[in-house]
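# Topology and contacts: notes
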Amino acid sequence: MSKKVCIEIGHIKPDPGAVSGNIRECDINLAVGLELKRQLERHDVETLVNRTEWEGITLADYFKKAAAMKPDAGISVHSNTAAGTSGAGTAKGFEAYRQTNSYNTVSANLCQLIETEVKALGQPSRGIKVHTNQNINNYINSVTAPYAYCELGFIDNPADYARFNTETKQKNFGTAYAKGILKYLGVTWKNETASGDSSGTANIMYRVQTGVFGDKKNAEKLQAELKTKGYETFVIVSDSETPTSNSPAALKVGDRVRVTAAYAANTFAKAPSTSSAVGGVRYITRVFTDSTALFPYQIGVKAGDVSSINTTGFAKASGLVKV
Ligand SMILES: [Zn+2]
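Cut-offs used in this document
- Residues numbered from 1 in each chain as written.
- Predicted model: local features only at pLDDT ≥ 70, side-chain atom pairs only at ≥ 80, totals over all residues.
- Helix = DSSP H or I, 4+ residues; strand = E, 2+ residues; numbered from the N terminus.
- Buried ≥ 20, exposed ≤ 12 C-beta atoms within 10 Å, placed from the backbone.
- Contact = placed C-beta atoms within 7 Å.
- pLDDT = per-residue confidence, 0-100.
- Pairing = 2+ DSSP bridges.
- Axes fitted to C-alpha atoms, helices over the stretch in contact; angles between N-to-C directions.
- Core = buried A, V, L, I, M, F, W, Y, C linked by C-beta atoms within 7 Å.
- Expected span 1.5 Å × (residues − 1).
- Parallel < 35°, antiparallel > 145°, perpendicular 65-115°, else oblique.
- Left-handed = near helix turned anticlockwise from the far one by under 90°.
- Nonpolar A, V, L, I, M, F, W, Y, C, P; charged D, E, K, R; others polar.

### What about the overall build of the protein chain?
Across its full length, the protein chain carries 8 helices and 13 strands. For the protein chain, with 323 residues in total, the buried portion stands at 34%. In the protein chain, of all internal contacts separated by at least 6 residues, the share reaching a separation of at least 24 is 69%.

Listed below in structure tokens is the structure:
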């Protein structure tokens, strides 16, 4: 069964929360909270939120629902202000408030896991604390799961606010919160990619492909067939996979080749001297599909060695033999 997390995104209409100039806490909390929700759901975690826009349900209703949900963890997303106190304009950093009931230890643990991820963003921390507002303590103690009440930083301190003054930065906080919560839940973090599926830290993607056609009509025919079976498809238009001329062997990336002739007049400043490369075994590291390219191949000393770009060289097919 999937894990469940309740999220309070601080301050519902008409309450903006803390305000400093035209900065409103409710807007920051929303960007952070929605990204947190999205990241958790991407990891198959069920979420409950009190709002997805400024309008939402009351705190009392949210905590009633949170208790009924029987979550595995909970979090409140807030931003701070020190206005009216001695720290006005200078107080900085994240802080998290733990529960004071029987969950106090696990709640502190959850807070710490979130704090670690927040610090990794470069945001300092003021630590894990007990809130002085008893209403807040009562609310977070009512959830029968570890709960972290988080304040990400101070909107009235320009230096602190600079670390979360854009939607992108706010989303990074949401991601950090998600990472901390997932760690607590024992769910392994999965990196996100444009195609939405990747795991671990490996930078390798596995594409599923069903055909390559020279005729667009045939590609569209297969696409239509797959669509009737419920598969989402798209057609990628690419140049010919190998050079059509200057390419007796139609070499491809990864092929092992021997350099049999000096590179042709080499316009690449960092390419090696011609004599040292002749006779050497190299690997194709890149193929330029434009058949008119002066050098259709880039060659490196190791297979897949893209770091050697500019330090190895470029070659004409006529100077290479596949070995
Ligand atoms: Zn607040």
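### Structural notes on the confidence of the model for the protein chain
Counting all residues, the mean pLDDT for the protein chain is 82, and 75% of those residues have values of 70 or more. Note on residues 239–248: pLDDT under 50 across the span, and 19 contacts to partners over four residues away in sequence or across chains. In this model, residues 262–276 is a region of pLDDT below 50 whose contacts with residues beyond four sequence positions or in other chains number 21 contacts.

### Topic: the sheet that holds strand β1 (residues 4–9)
If you walk across this open sheet you meet the 6 strands as β4-β1-β5-β8-β6-β7, and the pairing is mixed. The open sheet has two free edges, formed respectively by β4 (46–49) and β7 (125–129), since each of these has just one partner strand. When strand polarity is set aside, the average angle formed by the axes of neighbouring strands in this sheet is 20°. Inspection of the sheet shows strand β5 (residues 73–80) paired to strand β8 (residues 147–154) by 6 bridges, in the parallel sense. Residue pairing for β8: Gly74 is matched across the bridge by Tyr147.

### What about the nonpolar core?
Counting residues in hydrophobic clusters, the biggest one holds 50 residues, and the most contacted among them are Ile114, Ala148, Cys150, Tyr177 and Ile181. If one sorts the elements of this core by residue count, helix α1 (residues 25–42) sits on top with 8 residues. Counting 8 residues, the second-largest nonpolar core is a separate cluster that includes Leu251, Val259, Tyr283 and Leu320.

### Side note on helix α3 (residues 104–120)
Along its 17 residues, α3 runs 24 Å from first to last C-alpha, staying within 8% of the 24 Å computed at 1.5 Å per residue. Looking only at α3, the buried set comprises Ser107, Ala108, Leu110, Cys111, Leu113, Ile114, Glu115, Glu117 and Val118. Looking one or two residues beyond α3, the residue adopting positive phi is Gly122, at roughly 100°.

### Topic: the packing of α3 against helix α6 (residues 167–185)
For the pair α3 and α6, the least separation of the axes is 8 Å and the interaxial angle reads 140°. When the interaxial angle is binned, α3 and α6 end up oblique. Every pair of crossing elements has a handedness; the one defined by α3 and α6 is right-handed. Where α3 approaches α6, its residues Asn109, Leu110, Leu113, Ile114, Thr116, Glu117, Val118 and Ala120 are matched on the opposing element by Phe173, Ala176, Tyr177, Lys179, Gly180, Ile181, Lys183 and Tyr184.

### Focus: the environment of Cys26
Residue position: Cys26 is located in helix α1. A tally of 23 C-beta atoms within 10 Å means that Cys26 is categorised as buried. Spatially, the C-alpha atoms of Cys26 and Val77 are 9.6 Å apart, while their sequence positions differ by 51 residues. Excluding residues within four positions of it along the chain, Cys26 makes contact with Gly10, His11, Pro16, Gly17 and Trp54.

### So, the environment of Lys65
You can see Lys65 is positioned in helix α2 (residues 59–69). Along the backbone, Lys65 and Asn50 are 15 residues apart, and their C-alpha atoms lie at a distance of 9.1 Å.

### Regarding the packing of α1 against α6
Packing of α1 against α6 leaves a shortest axis separation of 7 Å and a crossing angle of 45°. Taken together, the axis directions place α1 and α6 in an arrangement best described as oblique. Pair α1 / α6 crosses with right-handed handedness. For the pair α1 and α6, contact is made by Ile28, Ala31, Val32, Gly33, Glu35, Leu36, Gln39 and Leu40 and by Glu167, Gln170, Lys171, Phe173, Gly174, Thr175, Tyr177, Ala178 and Ile181, respectively. For the contact of α1 with α6, a count of residues per class yields 9 nonpolar, 5 polar and 3 charged.

### Some words on the pairing of β1
Regular strands have side chains that alternate between both faces of the sheet. Along β1, 5 of the 6 residues are buried, which leaves the element largely enclosed by surrounding structure. Where β1 lies against β4, 4 bridges are found, and the strand directions are parallel. Bridging across to β4, Lys4 finds its partner in Glu46. Sheet topology note: the β1/β5 ladder contains 5 bridges and is parallel. Looking at the pairing, Ile7 lines up with Ile75 of β5.

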